[in-house]
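Each chain, letter by letter, is given below.
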Amino acid sequence: MPLETADTAGTADTAGTAGTAPAVAGTPVVPAATRTEARERAARHRRLRVHGARVAVLVAFLGLWELCARTEVVDPFNFSQPSRIWAQIWQWITHGTAQGSLGEQIGYTLYEALTGWVIGVTGGVLLGIALGRIRFLADVFGPYIKVLNAIPRIVLAPIFLIWFGLGPASKVASAVVLVFFPVFFNAFQGAREVDRNLVANARILGANNRKVTLQVVIPAATTWIFTSLHVSFGFALIGAIVGEYIGATKGLGLLVAAAQGTFNAAGVYAAMTILAVVALCTEGLLTFAEKKLFRWKPADSGDGR
């Protein structure tokens, strides 16, 4: 073989080994950077389409609602209409409510929901991991937790109102009982689903029970726990609103009750809209925190399949 031919063959083999596999004859080679940019561009376009479709659905729904109310296809007194709801929200923003400023009502409800959420999440995580790790405790307390979970927890709100009065304590208690159980069961299942090989390897390296729990079990159960956090904060808001609806001196639930008492459908929908915005903002914060904490997780391909 001539020397030039051997050198050429060696160069080709080196290029094929160092880079990507040689392209089929006649097929252009697309650089990896170009493919990455194309995927990012496609993902951006998909996000824009999704957001645009969401806005279109919302506008169509509100427009149809307004049209049906103005043409009296639906009774505007009972169903209200988006323009009246916006007018009610604007009135609350500019002139306040009968119970005080709108910001004060939102802050009061958020305080109750956040306090109940923190207490419920802390208790659920600690007890869930403890029972997930210690089978004796699970056998002892398991039947009691199942009985408590079977009780419709919303009906406890009047009892808490009798116990703690009209102040925030009764609403916090309602939020706690709604938050605790979903967090507990997720933490419990997360502690039970830890890879036994990881636990065995940690013990081989000399880890005691405390280190295994802190360094293996809790990190492994974190994904399960964060899954429950998204749902549990909504439950905390429900607990606070229901408690305020039954009896309170301030809060969004009191706005709903007052509007219902005066047959003000726009006021009821306005309070519900404000509550939905608060819940969406909180959900966004939780999602942001989860992405920061779980950077190691593979991103969703976003292909919709």
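Here the structure is a predicted model, which is why all the values come from computation and not from measurement. (Residues numbered from 1 in each chain as written. Predicted model: local features only at pLDDT ≥ 70, side-chain atom pairs only at ≥ 80, totals over all residues. Heavy atoms only, no water.)

Peer 1: How should I be thinking about the overall build of the protein in this particular structure?
Peer 2: A tally of helices and strands in the protein yields 12 helices and 0 strands. Listing the helices and strands of the protein from first to last along the sequence gives α-α-α-α-α-α-α-α-α-α-α-α. Counting only residues that meet the buried cut, the protein has 33% of its 305 residues in that class. For the protein, restricting intrachain contacts to residue pairs at least 6 apart in sequence, the fraction spanning at least 24 positions comes to 73%. Working note: accessible area of the protein is about 19,000 Å², and carbon and sulfur atoms make up 68% of it. (Helix = DSSP H or I, 4+ residues; strand = E, 2+ residues; numbered from the N terminus. Buried < 20%, exposed > 50% of the residue type's maximum accessible area, 1.4 Å probe, protein only. Contact = heavy atoms within 4.5 Å. Areas by Shrake-Rupley, 256 points an atom, 1.4 Å probe, with all protein chains shown as cover.)

Peer 1: Teacher, can you tell me more about the packing of helix H5 (residues 102-133) against helix H8 (residues 168-192) here?
Peer 2: Any two packed helices are characterised by how steeply their axes cross, that is the angle between the axes, and by the distance between the axes. Between H5 and H8, whose axes approach to 6 Å, the crossing angle comes to 30°. Here the hand of the crossing between H5 and H8 comes out right-handed. Classifying every residue of the contact of H5 with H8 gives 20 nonpolar, 7 polar and 3 charged. (Axes fitted to C-alpha atoms, helices over the stretch in contact; angles between N-to-C directions. Left-handed = near helix turned anticlockwise from the far one by under 90°. Nonpolar A, V, L, I, M, F, W, Y, C, P; charged D, E, K, R; others polar.)

Peer 1: Help me understand a positive patch on the surface in this model?
Peer 2: On the surface, Arg 41, Arg 44, Arg 47 and Lys 291 cluster together to form a positively charged patch. Ranked by residue count, the leading element in the positive patch is helix H2 (residues 32-70), at 3 residues. (Patch = residues over 30% accessible without salt bridge, like charges linked within 9 Å, V, L, I, M, F, W, Y side chains within 5 Å. Salt bridge = Lys/Arg side-chain N within 4 Å of Asp/Glu carboxyl O. Lys, Arg positive; Asp, Glu negative; His and termini not counted. Charge placed at Lys NZ, Arg CZ, Asp CG, Glu CD.)

Peer 1: Would you mind going over a nonpolar patch on the surface with me for this structure?
Peer 2: A surface patch of nonpolar side chains, about 530 Å² in accessible area, is lined by Ile 134, Phe 136, Val 140, Phe 141 and Tyr 144. Summarising the element assignment, Tyr 144 is placed in helix H6 (residues 135-150). You can call Tyr 144 exposed: its relative accessible area is 56%.

Peer 1: Help me understand the side chain of Glu 66, please; the structure alone is not making it clear to me.
Peer 2: Structurally, Glu 66 can be placed in helix H2. A polar contact of 2.7 Å, which involves the side chain of Glu 66, links it to the side chain of Arg 70. Excluding anything up to four places from it in sequence, Glu 66 contacts Gln 81, Pro 82 and Ser 83. (Polar contact = N/O pair within 3.5 Å; in protein donor to acceptor, adjacent residues only side chain to side chain.)

Peer 1: Please clarify how the confidence of the model for the protein should be interpreted in this entry.
Peer 2: A low pLDDT score tells you not to read the predicted coordinates there in detail. On average, residues of the protein carry a pLDDT of 80, and 81% of them reach 70 or more. Within the protein, helix H1 (residues 3-18) has the poorest average pLDDT of any element, 44, and helix H4 (residues 82-95) the best, 91. Low pLDDT, under 50, characterises residues 1-23; the stretch is placed with 4 contacts to residues that sit more than four places away or in other chains. Low confidence marks residues 301-305, where pLDDT is under 50. Its contacts with residues over four positions away, or in another chain, come to 3 contacts. (pLDDT = per-residue confidence, 0-100.)

Peer 1: Whenever I open this one, the pattern of salt bridges confuses me. Can you help?
Peer 2: Where charged atoms from two side chains of opposite charge approach closely, those side chains can pair. As enumerated under the stated definition, the model contains 2 salt bridges in all. The shortest N-O distance in the salt bridge between Glu 66 and Arg 70 comes to 2.7 Å. On the criterion of helical spacing, the pair formed by Glu 66 and Arg 70 is a turn pair, its members being 4 residues apart in helix H2. Residue Arg 70 is classed as exposed on the basis of its relative accessible area of 58%. Between Lys 250 and Glu 104 there is a salt bridge; the shortest N-O distance is 2.4 Å. Of this pair, Lys 250 sits in the loop between helix H10 (209-246) and helix H11 (252-261) while Glu 104 sits in helix H5; the two residues are 146 residues apart in sequence, bridging distant segments of the chain. Here Glu 104 falls in the partly exposed class, since its relative accessible area comes to 32%.

Peer 1: How should the environment of Tyr 111 be read in this particular structure?
Peer 2: By the element assignment, Tyr 111 lies in helix H5. Placed 126 residues apart in sequence, Tyr 111 and Leu 237 show a C-alpha to C-alpha distance of 9.9 Å.

Peer 1: Honestly, the nonpolar core in this entry has me stumped. Any pointers?
Peer 2: In summary, soluble globular proteins display a tendency toward joint burial of nonpolar side chains. Core analysis: the largest hydrophobic core is formed by 24 residues, its most contacted members being Trp 117, Val 121 and Ile 225. At the level of secondary structure, the elements contributing two or more residues to this core comprise H5, H8 and H10. Broken down by element, this core gets its largest block of residues, 11 residues, from H10. Those residues in contact with Trp 117 that lie beyond four places of it in its chain are Val 179, Leu 229, Ser 232, Phe 233, Ala 236 and Leu 286. (Core = buried A, V, L, I, M, F, W, Y, C linked by side-chain atoms within 4.5 Å.)

Peer 1: Help me out: how do you make sense of H6 in this one?
Peer 2: Since the α-helix advances by 3.6 residues per turn, residues separated by three or four positions end up pointing in the same direction. The end-to-end C-alpha distance of H6, which contains 16 residues, comes to 22 Å, matching closely the 22 Å that a straight helix rising 1.5 Å per residue would cover. For H6, the principal kink sits at Phe 141 and spans about 45°; a proline, Pro 143, occurs within the next four residues. Along H6, the residues that are buried comprise Ala 138, Gly 142 and Ile 145. Turning to H6, the residues buried within the fold contact H5 and H8. (Expected span 1.5 Å × (residues − 1). Bend = angle between axes of the 7 residues up to and from the residue.)

Peer 1: Help me out: how do you make sense of the environment of Leu 178 in this one?
Peer 2: Following the sequence through the fold, Leu 178 ends up in helix H8. On the accessibility criterion, Leu 178 (10% relative accessible area) is buried. For the pair Leu 178 and Ala 240, spaced 62 residues apart in the sequence, the C-alpha separation amounts to 9.9 Å. Apart from the residues within four sequence positions on either side, Leu 178 is in contact with Arg 153, Ile 154, Phe 235, Ile 238 and Gly 239.

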